[in-house]
Amino acid sequence: MKLRLVVPALALALGTLGAKAQIGVYLNPVVTRISISQPDTGPFAFLGDNTTSRTFGGLDFGGYYDFFHGGAFNAGVDVRDTIVHSHNASLNSYTVSARIEAHPMRYGLKPYAQLAVGAGSSKAEHANLRTTKAQFGVFAGVDYPLGKHVDFRAIEVGYGSVTTTSSHIYGANTSIPAATLFNISSGLVFRFR
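Report follows, based on the coordinates.

Each value, and the rule that gives it
- Residues numbered from 1 in each chain as written.
- Predicted model: local features only at pLDDT ≥ 70, side-chain atom pairs only at ≥ 80, totals over all residues.
- Heavy atoms only, no water.
- Helix = DSSP H or I, 4+ residues; strand = E, 2+ residues; numbered from the N terminus.
- Buried < 20%, exposed > 50% of the residue type's maximum accessible area, 1.4 Å probe, protein only.
- Contact = heavy atoms within 4.5 Å.
- 1 Å grid on protein atoms, 1.4 Å probe; cavity = no way out; pocket = protein on both sides within 12 Å on 5 of 7 lines; lining within 4 Å.
- Points joined across faces, edges and corners; volume = space filled by probe spheres on them.
- Nonpolar A, V, L, I, M, F, W, Y, C, P; charged D, E, K, R; others polar.
- Pairing = 2+ DSSP bridges.
- Axes fitted to C-alpha atoms, helices over the stretch in contact; angles between N-to-C directions.
- Salt bridge = Lys/Arg side-chain N within 4 Å of Asp/Glu carboxyl O.

Regarding unusual backbone geometry
Right, on to step 1. Unlike most non-glycine residues, Asn 50 shows phi in positive territory, near 55 degrees.
Right, on to step 2. If you trace the backbone, Asn 50 turns up in the loop between strand 1 (22-35) and strand 2 (53-69).
Right, on to step 3. Under the relative-accessibility criterion, Asn 50 is labelled exposed at 57%.
Right, on to step 4. Phi is positive for His 87, close to 50 degrees, though the residue is something other than glycine.
Right, on to step 5. Checked against the element boundaries, His 87 lands in the loop between strand 3 (73-86) and strand 4 (89-102).
Right, on to step 6. The exposed category is assigned to His 87, whose relative accessible area is 53%.

Digging into the environment of Pro 111
Right, on to step 1. With respect to the helices and strands, the residue Pro 111 is situated in strand 5 (residues 110-123).
Right, on to step 2. Given a relative accessible area of 26%, Pro 111 falls into the partly exposed group.
Right, on to step 3. The residues contacting Pro 111, other than those within four sequence positions of it, are Ile 100, Glu 101, Ala 102, Met 105, Gly 141 and Val 142.

So, empty space enclosed by the protein
Using a probe with the size of a water molecule, rolled over the atoms, empty space left in the structure can be pinpointed.
Right, on to step 1. By the definition in use, this model includes two cavities of 30 Å³ or more.
Right, on to step 2. If you go around the largest cavity, you meet 15 residues; those closest to its centre are Ser 93, Gln 135, Phe 139, Leu 181 and Asn 183.
Right, on to step 3. Taken together, the elements giving at least two residues each to the lining of the largest cavity come down to strand 3, strand 4, strand 6 (130-145), strand 7 (150-162) and strand 8 (179-192).
Right, on to step 4. Counting residues per element, the lining of the largest cavity draws most heavily on strand 6, at four residues.
Right, on to step 5. Here the lining of the largest cavity is composed, by residue class, of six nonpolar, eight polar and one charged.
Right, on to step 6. Size it by volume and the second largest cavity reaches roughly 60 Å³.
Right, on to step 7. Broken down by class, the residue content of the lining of the second largest cavity amounts to six nonpolar, five polar and one charged.

Some remarks on the pairing of strand 7
Right, on to step 1. Pairing between strand 6 and strand 7: eleven bridges, direction antiparallel. Looking at the pairing, Gln 135 lines up with Val 162 of strand 7.
Right, on to step 2. What sits between strand 6 and strand 7 in their antiparallel hairpin is a turn of four residues.
Right, on to step 3. Across eleven bridges, strand 7 lies against strand 8 in antiparallel orientation. By the bridge assignment, Glu 156 is partnered in strand 8 with Ser 185.

Side note on the sheet that holds strand 4
Right, on to step 1. One closed barrel accounts for eight strands, arranged 1-2-3-4-5-6-7-8; its pairing is antiparallel. Taking each pair of neighbouring strands and ignoring which way they run, the sheet shows an average axis angle of 25 degrees.
Right, on to step 2. Pairing between strand 3 and strand 4: 14 bridges, direction antiparallel. Bridge pairing links Ala 75 to Ile 100 in strand 4.

A look at the pattern of salt bridges
Right, on to step 1. Counted by the stated rule, this structure contains ten salt bridges.
Right, on to step 2. Through salt bridges that share partners, Asp 60, Asp 78, Arg 80, Asp 143, Arg 153 and Glu 156 make up one connected network.

What follows is the structure, encoded as structure tokens:
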């Protein structure tokens, strides 16, 4: 008799978890500083001949799903695609992140942090070949609620690494290390419940 009550109680409990779930989508401008410790030369040099760093600009778009709501924080996943360009070179980063967000603090600010893994596809400025390699990153930011369904992403800062197109990948004897990425972004987040 009591076993029949467990199924409806479990369905009710799972229903309340889903009711608290939150989805957010964003499309924001991003600036990325890409650096390598050793300069590359030739047509496959991602940053250009004998260049060790360059600033790229583009768009950061994606969404998150917070499926856990605890006492002090929310947790979920974030999926994003970041496309940046500079001097005819491009990097397209697709990442999936574990996400944690603190409940609104003073002035309604909602800080968050993410740990990301994925793939980065790069193309050098003088070559048409694309190289896709594993990528990782960490992101942290602060959102400020403007309304019931809109947040202002005051700032998001990211740091990561990916192996970009290089002469080493296409046959040169010189070893080129992975590039480091430093991102800054800001914009709007649209939330749905």
